[in-house]
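Notes for the structure review
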Amino acid sequence: MLKLGVIGTHIITDQMLDAAKTTGKYELTAVYSRTMERAKEFGQPYGATEFYDDLDTFFAEGDFDVVYVASPNSCHYEQVRKAIENDKFIILEKPAFVNPSQFSAIESLLAAHPKARLVEAARHIHTPIFEKGLEKVEEMKKDHIQGATITVMKYSSRYDNVLADQKPYPNIFTLDFAGGALMDLGVYAVYGAVTFFGEPDTVVYYPTIAKSGVDAKGVAILNYDKFTVTLNFGKTANSHLDSEVYGLKDTLVFDSIFETQKVTYYDADKTAHPFDVPVEKNSMTDEMNDFAALFTNPDDPAQVKKYQRWMDLSRTVNSVMYSLRQSANLTFPADND
Ligand SMILES: NC(=O)c1ccc[n+]([C@@H]2O[C@H](COP(=O)([O-])OP(=O)(O)OC[C@H]3O[C@@H](n4cnc5c(N)ncnc54)[C@H](OP(=O)(O)O)[C@@H]3O)[C@@H](O)[C@H]2O)c1
């Protein structure tokens, strides 16, 4: 059983713990929070026995193998540095880091700490239905690909606070915490494009800026050699559009690129071929199983190969995200650190 410590006590951590329970491979032992009171309030119902409000003590004394990091985006870098320095296995919520210089500094630190492992919790790429979709894209690429349109747009209830001018604005709608639509939801679309087609040649992002300064929603164009991919994402509107990959006359349709429940292949005659692939109730379960397999056998050649692929994807997504922000003159204070 893997002993688990957590940073961040918001709803995503509850969802992760539910998925961890479903796998039967993790037990929560330690909780870090900015207040001891919150650490106990959050952890005791899950059976945790250790509580910390000091990060260095959490890492130095905490009895856990794996740490799950679900703090605001701008906090990831420093917290992951400490986790690596303490040779932990790390599950880091998306988006991993704010920019490529943070990413490469982390990779250098990982090289100096060979026991540590770092994975980004891009849950969708670990689900069997997404993997089946990827296989189909690979098949279509052998024939003819004309790009894709990927949509991830969901109104955030936290935007009500911005509209009502209630300050401080929620972290996810501030530049200080490296928030905004691209970092929070666009990342899933970028992961989809990079997983299907690799690193694009050039990119451009057209954001709509919220009054809090971050991108509220936007459209991004990823230019590849023979086609373009359009990303349509946002946190201040709701979209009901599917995401599509275009062959010549055939099309592969995902009901959602990050909460995929249904994938359908439409052949050249427009006949629908729905995929029959079981989907977990909690969409974080597959990634938690994948990560447990890695952490349990970190030097197994098959796990090493998967780990390297996930790290390569994470690095490329990080680089594309940064290029998209640069094209839109979107900078975060963390970029100047
Ligand atoms: N995979 C997914 O579906 C999914 C969904 C939502 C979020 N996420 C990711 O999870 C991370 C957290 O997102 P969120 O929306 O939950 O963020 P959040 O509510 O702003 O903060 C998350 C937690 O971080 C701690 N925190 C809050 N403000 C902080 C500050 N100023 N300094 C240090 N710690 C602070 C809090 O824990 P304490 O009060 O206990 O210190 C809070 O519970 C982000 O990276 C986000 O992208 C992923």
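Look a little higher up for the structure.
Throughout what follows, the structure given in this document is the object of discussion. Note that the structure is a prediction, hence the values are computed from the model and not measured. (Residues numbered from 1 in each chain as written. Predicted model: local features only at pLDDT ≥ 70, side-chain atom pairs only at ≥ 80, totals over all residues. Heavy atoms only, no water.)

Description of helix H5 (residues 100-112)
- Taking 1.5 Å per residue as the helical rise, H5 with its 13 residues ought to reach 18 Å, and the 19 Å between its terminal C-alpha atoms agrees with that figure.
- Looking at H5, one finds that the buried residues are Gln-102, Phe-103, Ile-106, Leu-109 and Leu-110. Along the axis of H5, the buried positions cluster into a sector of 125°, meaning they face one direction only. In H5, those exposed residues whose orientation departs by more than 90 degrees from the buried face are Ser-108, Ala-111 and Ala-112.
- In this fold, the buried residues of H5 make contact with helix H4 (76-85), strand S6 (117-121) and helix H10 (301-327). (Helix = DSSP H or I, 4+ residues; strand = E, 2+ residues; numbered from the N terminus. Expected span 1.5 Å × (residues − 1). Buried < 20%, exposed > 50% of the residue type's maximum accessible area, 1.4 Å probe, protein only. Arc of directions from axis to C-beta. Contact = heavy atoms within 4.5 Å.)

Considering the side chain of Glu-50
- As for its position among the elements, Glu-50 is in strand S3 (residues 50-52).
- Within the buried core, Glu-50 has no salt-bridge partner, and the shortest N-O distance to an opposite charge, that of Lys-3, equals 7.1 Å.
- There is a polar contact of 2.8 Å between the side chain of Glu-50 and the side chain of Tyr-52.
- Within the structure, the side chain of Glu-50 is placed 3.0 Å from the backbone nitrogen of Asp-63, a separation counted as a polar contact. (Lys, Arg positive; Asp, Glu negative; His and termini not counted. Salt bridge = Lys/Arg side-chain N within 4 Å of Asp/Glu carboxyl O. Polar contact = N/O pair within 3.5 Å; in protein donor to acceptor, adjacent residues only side chain to side chain.)

Here we look at the site of the ligand
- Around the ligand, the structure places 22 residues, and the nearest of them are Thr-9, Ser-33, Asn-73, Lys-94 and Arg-123.
- Taking Asn-73, its side chain carries an N or O atom lying 2.7 Å from an oxygen atom of the ligand.
- One of the side-chain N or O atoms of His-76 is found 3.0 Å from an oxygen atom in the ligand.
- Look at the ligand: alone it shows 890 Å² of surface, and the protein chains cover 82% of it. (Near = heavy atom within 4 Å. Areas by Shrake-Rupley, 256 points an atom, 1.4 Å probe, with all protein chains shown as cover.)

A look at the environment of Ser-323
- Within the element layout of this structure, Ser-323 appears in helix H10.
- Expressed as a C-alpha distance, the spacing of Ser-323 and Val-204, which sit 119 residues apart in the sequence, is 7.8 Å.

So, the packing of helix H8 (residues 181-197) against H10
- The contact between H8 and H10 brings their axes to 9 Å, and the two run at 120°. On the basis of their axis angle, the class for H8 and H10 is oblique. Considering how the two elements wind past one another, H8 and H10 form a crossing that is right-handed. Two secondary-structure elements touch here, H8 through Leu-182, Met-183, Val-187, Val-190, Tyr-191, Val-194 and Thr-195 and H10 through Arg-309, Leu-313, Ser-314, Thr-316, Val-317, Val-320, Met-321, Leu-324 and Arg-325.
- Here the residues of the contact of H8 with H10 sort into eleven nonpolar, three polar and two charged. (Axes fitted to C-alpha atoms, helices over the stretch in contact; angles between N-to-C directions. Parallel < 35°, antiparallel > 145°, perpendicular 65-115°, else oblique. Left-handed = near helix turned anticlockwise from the far one by under 90°. Nonpolar A, V, L, I, M, F, W, Y, C, P; charged D, E, K, R; others polar.)

Points about the sheet that holds strand S10 (residues 228-234)
- One open sheet holds the eight strands; their spatial order is S8-S9-S10-S7-S11-S12-S13-S14, and the pairing between them is mixed. Whereas interior strands pair on both sides, the edge strands pair on one side only; in this sheet they are strand S8 (202-209) and strand S14 (272-274). Direction aside, neighbouring strands of the sheet carry axes that sit 15° apart on average.
- Of the strands in this sheet, strand S11 (243-246), strand S12 (251-254) and strand S13 (263-266) touch helix H6 (residues 128-143), which is tilted by about 165° from S12.
- Together, strand S7 (148-153), S8, strand S9 (215-223), S10, S11 and S12 form the strand contacts of H8, whose direction differs from that of S10 by roughly 155°. (Pairing = 2+ DSSP bridges.)

Considering the sheet that holds strand S1 (residues 2-7)
- Taken in spatial order, the six strands make up an open sheet running S3-S2-S1-S4-S5-S6, and their pairing is parallel. Of all strands in the sheet, those bounded by a partner on one side alone are S3 and S6. On average, each strand axis in the sheet is inclined to that of its neighbour by 25°, with strand direction left out of account.
- Sheet topology places S1 next to strand S4 (residues 66-69); four bridges connect them, and they run parallel. Paired with Leu-4 across the strands is Val-66, a residue of S4.
- Against the sheet, helix H2 (residues 36-43) touches S1, strand S2 (26-32) and S3, its axis set at about 145° to S3.

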